[in-house]
Amino acid sequence: MKYLRVCLGIFFLVSISSGVFAKVPEKVTMAVAQEKGCLSCHQGIEDIRDKKSAMMQLIIAKGNASGDKEGCVVCHGGNPLGLTAEEAHSGTPKFLKDNKGPQTFYPDPGSIWIADNSCGQSGCHTNYPYRVERSLMNTEAGKIQGNLHTWGIKEVQNYKVPWGNYDVKDTDGLVPQVGSDEYKEYMKVMIAAHKDQFPTELTQVPQPSVEEIENDPKLAGFTYQRQQCQRCHVGIKGREKRGDYRGMGCSSCHIPYGNEGYYEGNDPTINKEEKGHMMTHMIQATRKSVVKHGDVAYSGIPVETCNSCHNRGKRIGVTYQGLMEFPYGSPFDSDGNTQPKLHTKKYLFISDDLHHQIQSRPENPKGGILCQDCHTSIDMHGDGNIFGTTLAQVEIECQDCHGTPDKFPWELPLGYSEEFNKDLPNKERGLSEKAMMETIAFATAYPKREGYLKTTRGNAFGNVVKDGNKVIMHSATGTDFQVPLLKQLSIDKAWKSPDAEVAMATVEKHGKNLECYACHASWVPQCYGCHVQVNYGKDKKGKPYMDTDWLAGGSERFDNGQTAESPLGTHGKKSPGKVFEKRSYLRWEEPVLGINGEGRVTPLMPGCQIVYTVIGRDGKTVALNQLGKSYDEQEMLGQERTPDAIDMAPVQPHSAQRKARTCESCHNNPKAQGYGISGGVFQTRYPEDIVEDLIDQKTGKVIPKRHKIQIPKIADLDYDWSTIIKDGQQVQTVGTHWPLSRALTKEMRDGMNRTGLCMGCHREMSNEKLWSKVAEDGTLTDEQHIEMMNKAFKAYAKSRK
């Protein structure tokens, strides 16, 4: 089927076979074309930006120089005087072609593969395409390294990052293209200390042959990677499912797509009943880029736009919204249906991150904040270097805005909270007198007041300023928020509870050793056990299994910026094999704690806990419920046991709550300390097949001769999925990207473990004479219990004088 890739609005594709052109004349007259240009057919389409904006004025000026008063060709190319769709959607005006603008018609000008000639053309967002192509948004290098490590692939062990989605090199050197002088110097030192995490080039993830995979089944991890995991980079449009519709490249974020994928604007050429289109032909970006849609006018990039990708892996996007995937889909709706799938999943609502919550707070107006309000341009677009992992690219920490109980943010040194076990210079970072050049040029400029706050790496937050004894965050939504400052809370003695003051201000080790979210992220999505079958056999129709290979599709590119998977409904190119995936069980409460790459205590979540089964071309199993091995982790830890490659990953889960997890949830909780749920006493029979039938209770023998194995064994798994410490040794991987990530050390575990301390008093309950002297009638409330213990503590202290 041939597809005519049409769209003089930005970023959508339509097919002739869908009847899209029912309202479009087959041919227009030259007089009409000269008068209306692209609007001869697209009359009613929304202006990409407000006519009065500087961006739109520049587009119109360039359009006039190109013979197109509306400026459509400045981004899209094409021929505004074309009399048919085919003529209009081909070629490009000479003025633009000669000045490195569009070289032909671009259905989606945001495509990273032609963005140098569209979004990144002279006078516009120059160098952004170079940066984005090397950013994690496009390479996904960290995801690739982490996932393949769990399959036991040796090339990614020892923190090596050889592969990305496509071949790419850092051709301009390691000095960042953007950022302050402080930032560039900071990154120079960081890159020198962590060369593996900042590769200078990547090659595309390979695809072994099926024969090679049958001989070495762990290589099926490459099929899993290319078919299952790599749909979320900006080099392609990705999966066409509810919640996953988006554009390519710059359009992935900056063009709004509703979850249902319908166009709701006024361009008569776009089929409003066909899924896969942008919601409206307008750019969403900063506060000054207001999108008007129906009776809603909004600014900034909605969280759900980010979640067209950030719904798997560490799931930080849907977690920020308070959602966790769950298989049941309850409750029923009024028609008796379970909930519709979103991102191909069904969800429970747990509790959204406090920054996402819309209800008003005493010191602030109603409204939540967007991802972009905290995350900087470098966090998202990169700085021109290649990053091997999220921690390499993201430049922010909680303390950058909130400070600590004894220091305001501007009093902290650069590098605070990403120390990597190094001492920091005793020098205040101060405030910045000016925003970054990119902020000034493209974002909304806010008055600096007393100065812009800085990231931990030395760049100015263009939207966060000091104003007297307050810090104000200017959200892209249009709302201004006062940021709570921990030192000010301490000065004003405004702690919400004694627990908060003790945990944050009194116990100094917490502030020095813990990430803020080690306590405040009281829930984390925990999908334990990732059971993957990669099947190279035949389906029920006798055809060899094949499925979409997102990298093969993204590697076949056309002059118009599209790739093999871009036209609606095509799903790109396919490769041998098909992935089937299941989980062991799900949890969200009281996450396990470990140490992250920066050397701080952090929540952990199941990263990729892969147990793999591989079916060959002949339909026979060549690997059954296998675990990869983490030999690099064993060498790093210097222990006798080789940890399994299944990963409990350090994470900033984006689930912060005002009420932090309780002291007991860590100090009286074996799971938090790494010993597994309830100390790892459950789910201990994985290494054996489990048969449930008539059993001889004396011998354990199965009585019927004809019986089935109910639960097949995982031979190497002699612990529960939530356990990372068994018999004093680390049994699974904790983070694959940075040398410092690991389970809590024995010293830490011994220092924090207070399990069973209730018996210090309650063992005397059997001594009726003694117990009667302290016991009272009835049952004490928690508050009364605490007060009794406090009295006992004070009496003991008095007795020691």
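Computed from a prediction, not measured in an experiment: that's the story for all the values here.

### Details of the sheet that holds strand β2 (residues 168-169)
And step 1. The sheet built from three strands is open, its strands ordered β1-β3-β2 with mixed pairing. Only two strands of the sheet have a single neighbouring strand rather than two, namely β1 (163-164) and β2.

### Some words on the packing of aromatic side chains
And step 1. Summed over the entire model, instances satisfying the criterion amount to 13 aromatic pairs.
And step 2. With centroids separated by 5.6 Å and ring planes inclined at 85 degrees, the aromatic side chains of Y128 and F442 adopt a geometry described as edge-to-face. Placement of Y128 in helix α7 (residues 128-134) and of F442 in helix α20 (residues 437-442) is noted, with a sequence separation of 314 residues between them.
And step 3. Note on F442: relative accessible area 30%, which makes it partly exposed.
And step 4. Ring plane angle 75 degrees and centroid distance 5.3 Å describe the contact between W163 and F222, whose orientation is recorded as edge-to-face.

### Observations regarding the layout of surface pockets
And step 1. In this structure, the second largest pocket occupies an estimated 1100 Å³ of space.
And step 2. If you trace the second largest pocket, you find 28 residues lining it, with Q228, R312, T344, K345 and E581 closest to the centre.
And step 3. Among the secondary structure elements, those contributing two or more residues to the lining of the second largest pocket are α12 (220-229), β13 (546-548) and β15 (578-589).
And step 4. By residue class, the composition of the lining of the second largest pocket is eight nonpolar, six polar and 14 charged.

### Brief notes about unusual backbone geometry
And step 1. Between S330 and P331 the backbone carries a cis peptide bond, its omega angle lying at 0 degrees.
And step 2. Mapped onto the secondary structure, P331 falls in the loop between β6 (323-325) and β7 (347-349).
And step 3. Positive phi, normally seen in glycine, also occurs at K100, with a value near 60 degrees.
And step 4. Turning to its location among the elements, K100 is positioned in the loop between α6 (94-98) and α7.
And step 5. Unusually for a residue other than glycine, T344 sits at a positive phi of about 70 degrees.
And step 6. With respect to the helices and strands, T344 occurs in the loop between β6 and β7.

### Points about the packing of helix α9 (residues 141-150) against α12
And step 1. The N-to-C vectors of α9 and α12 enclose an angle of 140 degrees; their axes lie 10 Å apart at closest approach. For the element pair α9 / α12, the angle class is oblique. Between α9 and α12 the crossing geometry is right-handed. Between α9 and α12, the contacting residues are K143, I144, N147 and L148 on the first element and G221, F222, Y224, Q225 and C229 on the second.
And step 2. Split into classes, the residues belonging to the contact of α9 with α12 amount to five nonpolar, three polar and one charged.

### Quick word on the pattern of salt bridges
And step 1. Overall, the coordinates contain 31 salt bridges when judged by the stated rule.
And step 2. Between E70 and K51 there is a salt bridge, and its shortest N-O distance comes to 3.9 Å. Of this pair, E70 sits in the loop between α3 (54-65) and α4 (72-76) while K51 sits in the loop between α2 (39-42) and α3, placing them 19 residues apart in sequence.
And step 3. Judged by relative accessible area, which is 22%, E70 ranks as partly exposed.
And step 4. The partner of E589 in a salt bridge is R587, and the shortest N-O contact between them spans 3.8 Å.
And step 5. With relative accessibility at 30%, the residue R587 sits in the partly exposed group.
And step 6. One salt-bridge network, held together by shared partners, links D47, K51 and E70.

### So, the side chain of K454
And step 1. Relative to the helices and strands, K454 is located in strand β8 (residues 452-454).
And step 2. Within the structure, the side chain of K454 is placed 2.8 Å from the side chain of E182, a separation counted as a polar contact.
And step 3. In terms of polar contacts, K454 uses its side chain to reach the backbone carbonyl oxygen of R429, at 2.8 Å.
And step 4. Other than its neighbours up to four places away in sequence, K454 contacts E182, D400, R429, G430, L431, S432, N459, A460 and F461.

### As for the nonpolar core
And step 1. Core analysis: the biggest nonpolar cluster contains 32 residues, and W151, I153, W163, Y224 and V532 have the highest contact counts within it.
And step 2. Secondary-structure elements contributing two or more residues to this core are α9, α11 (210-215), α12, β12 (523-535), α25 (550-555) and β18 (610-615).
And step 3. The element that contributes the greatest number of residues to this core is α12, accounting for four residues.

Criteria and cut-off values
Residues numbered from 1 in each chain as written. Predicted model: local features only at pLDDT ≥ 70, side-chain atom pairs only at ≥ 80, totals over all residues. Heavy atoms only, no water. Pairing = 2+ DSSP bridges. Helix = DSSP H or I, 4+ residues; strand = E, 2+ residues; numbered from the N terminus. Phe/Tyr/Trp six-rings, centres within 6.5 Å; stacked < 30°, edge-to-face > 60°. Buried < 20%, exposed > 50% of the residue type's maximum accessible area, 1.4 Å probe, protein only. 1 Å grid on protein atoms, 1.4 Å probe; cavity = no way out; pocket = protein on both sides within 12 Å on 5 of 7 lines; lining within 4 Å. Points joined across faces, edges and corners; volume = space filled by probe spheres on them. Nonpolar A, V, L, I, M, F, W, Y, C, P; charged D, E, K, R; others polar. Axes fitted to C-alpha atoms, helices over the stretch in contact; angles between N-to-C directions. Parallel < 35°, antiparallel > 145°, perpendicular 65-115°, else oblique. Left-handed = near helix turned anticlockwise from the far one by under 90°. Contact = heavy atoms within 4.5 Å. Salt bridge = Lys/Arg side-chain N within 4 Å of Asp/Glu carboxyl O. Polar contact = N/O pair within 3.5 Å; in protein donor to acceptor, adjacent residues only side chain to side chain. Core = buried A, V, L, I, M, F, W, Y, C linked by side-chain atoms within 4.5 Å.

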